[in-house]
Number of protein chains: 2
Amino acid sequence: MKAARWYKAKDIRVEEVEEPTASGHEVKIKVMGCGVCGSDLHEYLVGPIFIPVDEPHPISGDKAPIIMGHEFAGEVVEVGDKVTTLQPGDRVAVEPIYAPNKNGAYIDHQYNLSPQLGFHGLSGGGGGFSEYTVVGEHMAHKMPDELSYEQGALVEPAAVGLHAVRQSSLKAGDSAAVFGAGPIGLMIIDALKAAGASRIYASEVSKSRLQMAENLGATVIDASASDPVKEIHRLNGGGVDVSYEATGVAEVLQQSIDVTRTGGEIIVASIWEGEAAINYNDIVIKERSMKGIIAYRHIYPAVMELMRKGYFSADAMITDRIKLDDIVEQGFETLVADKSQVKIMVSPE
Amino acid sequence: MKAARWYKAKDIRVEEVEEPTASGHEVKIKVMGCGVCGSDLHEYLVGPIFIPVDEPHPISGDKAPIIMGHEFAGEVVEVGDKVTTLQPGDRVAVEPIYAPNKNGAYIDHQYNLSPQLGFHGLSGGGGGFSEYTVVGEHMAHKMPDELSYEQGALVEPAAVGLHAVRQSSLKAGDSAAVFGAGPIGLMIIDALKAAGASRIYASEVSKSRLQMAENLGATVIDASASDPVKEIHRLNGGGVDVSYEATGVAEVLQQSIDVTRTGGEIIVASIWEGEAAINYNDIVIKERSMKGIIAYRHIYPAVMELMRKGYFSADAMITDRIKLDDIVEQGFETLVADKSQVKIMVSPE
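## Describing the overall build of chain A
Phase 1: Broken down by element type, chain A carries 11 helices and 21 strands.
Phase 2: The C-alpha radius of gyration computed for chain A amounts to 20 Å, which stays within 12% of the reference 20 Å derived for 349 residues, consistent with globular compactness.
Phase 3: Across its three principal directions, the C-alpha atoms of chain A cover 60 × 40 × 35 Å.
Phase 4: Per-residue burial over chain A gives 58% buried out of 349 residues.
Phase 5: Across chain A, the fraction of contacts at a sequence separation of at least 24, relative to all contacts at a separation of at least 6, is 71%.
Phase 6: One way to put it: in chain A the 31 positive side-chain charges average out to a point 4 Å from where the 49 negative ones average out.

## Regarding the domain arrangement of chain A
Residue and element names in this part refer to chain A.
Phase 1: Taken domain by domain, chain A comprises domain 1 (2–156 + 296–347) and domain 2 (168–292).
Phase 2: On a C-alpha basis, the centres of domain 1 and domain 2 stand 28 Å from each other.
Phase 3: Contacts between domain 1 and domain 2 engage 14 residues on the former and 14 residues on the latter.
Phase 4: Across the domain 1/domain 2 interface, buried area totals approximately 1,200 Å², and carbon plus sulfur atoms make up 72% of it.
Phase 5: Of all residues in domain 1, F312, M317 and V342 give up the largest surface area on contact with domain 2, accounting jointly for 40% of the area buried on that side.
Phase 6: For the interface between domain 1 and domain 2, the tally reads 0 salt bridges.

## Some remarks on a nonpolar patch on the surface
All names here are of chain A.
Phase 1: The grouping of L45, V46, I49 and V336 at the surface amounts to a nonpolar patch, some 310 Å² of accessible area in total.
Phase 2: By the element assignment, I49 lies in the loop between α1 (38–46) and β4 (66–67).
Phase 3: Judged by relative accessible area, I49 falls into the partly exposed class, the value being 46%.

## What about helix α4 (residues 183–194) of chain A?
Residue and element names in this part refer to chain A.
Phase 1: Its 12 residues give α4 an end-to-end C-alpha distance of 17 Å, which sits within 8% of 16 Å, the value for a rise of 1.5 Å per residue.
Phase 2: Buried residues dominate α4, accounting for 9 of its 12 residues.
Phase 3: Looking one or two residues beyond α4, the residue adopting positive phi is G196, at roughly 80°.

## Describing the packing of helix α3 (residues 155–167) of chain B against helix α4 (residues 183–194) of chain B
Residues and elements named next belong to chain B.
Phase 1: Where α3 contacts α4, the axes come no closer than 8 Å and their chain directions differ by 55°. Viewed along their axes, α3 and α4 adopt a mutual orientation that is oblique. When you trace α3 past α4, the crossing you get is right-handed. Residues P157, A158, V160, G161, L162, A164 and V165 of α3 touch α4, and the partners they reach there are I184, M187, I188, A191 and L192.
Phase 2: Considered class by class, the residues forming the contact of α3 with α4 number 11 nonpolar, 1 polar and no charged.

## A few points about the pairing of strand β11 (residues 132–136) of chain B
Looking down a regular strand, the side chains alternate between one sheet face and the other.
Residues and elements named next belong to chain B.
Phase 1: The buried count for β11 comes to 5 of 5 residues, which makes it a mostly enclosed element.
Phase 2: Note: strand β3 (residues 26–35) against β11, 5 bridges, orientation antiparallel. Paired with I29 across the bridge in β11 is T133.

## Brief notes about the interface of chain B and chain A
Phase 1: The interface of chain B with chain A comprises 32 residues on the first partner and 32 residues on the second.
Phase 2: Roughly 2,700 Å² of surface becomes buried between chain B and chain A when both sides are summed, with 58% attributable to carbon and sulfur atoms.
Phase 3: Here chain B is connected to chain A by 2 salt bridges.
Phase 4: Put simply, chain B and chain A have 16 residue pairs in polar contact (both at pLDDT 80 or more) between them.
Phase 5: Looking at the side of chain B that touches chain A, the elements with two or more residues in it are α3, α7 (250–258), β17 (260–268), β18 (275–279), α8 (281–284) and β19 (289–292) of chain B.
Phase 6: Broken down by element, the residue count for the side of chain B that touches chain A peaks at 5 residues, all from β18 of chain B.
Phase 7: Its residues placed into classes, the side of chain B that touches chain A shows 15 nonpolar, 11 polar and 6 charged.

What counts and how
- Residues numbered from 1 in each chain as written.
- Chains lettered and ligands numbered in written order.
- Predicted model: local features only at pLDDT ≥ 70, side-chain atom pairs only at ≥ 80, totals over all residues.
- Heavy atoms only, no water.
- Helix = DSSP H or I, 4+ residues; strand = E, 2+ residues; numbered from the N terminus.
- Rg over C-alpha atoms; globule rule 2.2 N^0.38 Å.
- Buried < 20%, exposed > 50% of the residue type's maximum accessible area, 1.4 Å probe, protein only.
- Contact = heavy atoms within 4.5 Å.
- Lys, Arg positive; Asp, Glu negative; His and termini not counted.
- Charge placed at Lys NZ, Arg CZ, Asp CG, Glu CD.
- Domains from an automatic or database assignment.
- Buried area = accessible area lost by both parts, 1.4 Å probe.
- Salt bridge = Lys/Arg side-chain N within 4 Å of Asp/Glu carboxyl O.
- Patch = residues over 30% accessible without salt bridge, like charges linked within 9 Å, V, L, I, M, F, W, Y side chains within 5 Å.
- Areas by Shrake-Rupley, 256 points an atom, 1.4 Å probe, with all protein chains shown as cover.
- Expected span 1.5 Å × (residues − 1).
- Axes fitted to C-alpha atoms, helices over the stretch in contact; angles between N-to-C directions.
- Parallel < 35°, antiparallel > 145°, perpendicular 65-115°, else oblique.
- Left-handed = near helix turned anticlockwise from the far one by under 90°.
- Nonpolar A, V, L, I, M, F, W, Y, C, P; charged D, E, K, R; others polar.
- Pairing = 2+ DSSP bridges.
- Polar contact = N/O pair within 3.5 Å; in protein donor to acceptor, adjacent residues only side chain to side chain.

Encoded structure:
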């Protein structure tokens, strides 16, 4: 079968690999759609970050070259002899997190915080940029009939956005600011709508991303043209209740602090390439709090229920659809060159 | 009467000033003891920080030269005609926070977060390094008979320590680490004992402060001799539930993060002189949270109740007792030169 494998930074190859089979608690999935994620792009440009190169990943037992792709959905085509909850023909969204588990069940209720955290499609063991892949039964969540496979492939980034909002102190009626309107920022905006935020401000520099945030209902601030802190304080005197940092840029982190009210909260939902300096008096004297979040846990079913209500819509997020054969040129290279792109969906056929 | 007034950095003068009188909702207090605080020292060395110099403080209406001293207790000797809760002879600990208030009552339940935040003894209107001073009735808390005036003067720094612990997520049975065993760090250690922390680690470089922390029951780590992060992880595998940063040093802030468990909390209880750089992946990937605290609110009565039970004891905190006349040489200069000093108590007579 065909799969896209990461060899090293700037070297991802679409090639023939052996087709996997399911045994025990595993299920084999025919991939119907897989999104390209910001972390895929990081691995392509400056990796390895999550990809195991020298030592095999403790759960997958794999190291590079590894098959990429962790935002995917597909059809179950084969099940191992111990599988009880799924059968061939089931439509599933795959939760790609590897964490210590026993007989297919997560043993840690905060499995996204496991020291062995890994991802199917980043840490070996197969991935979604492939015709078929095999995952543990506990990783495959049955999709409601009315959701498309594309929608199923968006459950993963939507889960990040929903987890960020669920881990924050935001309550219905609160005001919020989102810094960065890439895939995660947009998902956070939609999760804030689901959570009943009264006002949602989005700060971003790309015109097309600002347009997408506006389409979702956010009040947008073009950070290339005006100071988002001044602008949001002008629009929402006293500052917002909660801000969400989704850029990983130090200057923007300081903005995400300054934009909150006295006693407000900052959620850091970005991965950092190095240290960032801020003035901690801005945390101390206003008794603000700051919290980091990584991935998600236990919320795939909730995300899919919200999708049935219209949140996290593929129409609002997907900017291009391509074939697996074209993933390097039309996927990775396009995302590097064209910041109007948000979510590119890859189909193996 | 005699008072110590701040003119500029390194220029504090003990001189004769006019004795104030109480009217309306005010009470006049004969000061019986006033501690020298770290912020007094900052004002002495590199001020003005809180002291109004160009514009008068919006609540006190005063600017430099101003009388210093905000950690004090004394005897009520005169009351204004609208005072209903106090009378001459009452022994009181003074809560020095200025914040918008109406007829003697705080109108903001989070008055320590007022944008007009000021302190009696830093922002004009009199202070505790003085024979007498006049404060609003709402600022003077009657002391239980069994507490000494020295103990009353310690209510202020003890309130900072108790507020830090109350604002944290620490629950009885949790483990904690305190960075810096100066006056605030030591008060935090005692507040942690009151809150039922199961294990309390204290990291500090001064030998005598380490001894004081140990006397309070903390497990101490000499940060000049070993790495407190490694040492605390060795002693308390997985990291502590909550850490408290009481130094204002960037390197120590990073330690206070690294020492917490996955999902742990860092309380920043220090004032910063500039920016500090940390790696935010250490916040994000372990879903830690960080919260700032400033001063205290609504807890003077609770602090005094805990003092009756033996917490925040003058015996454990006070390292020297001096006269107001000697405050510059034996107070400020001694605190600069001798890091074995913790709390110096000044008596006006």
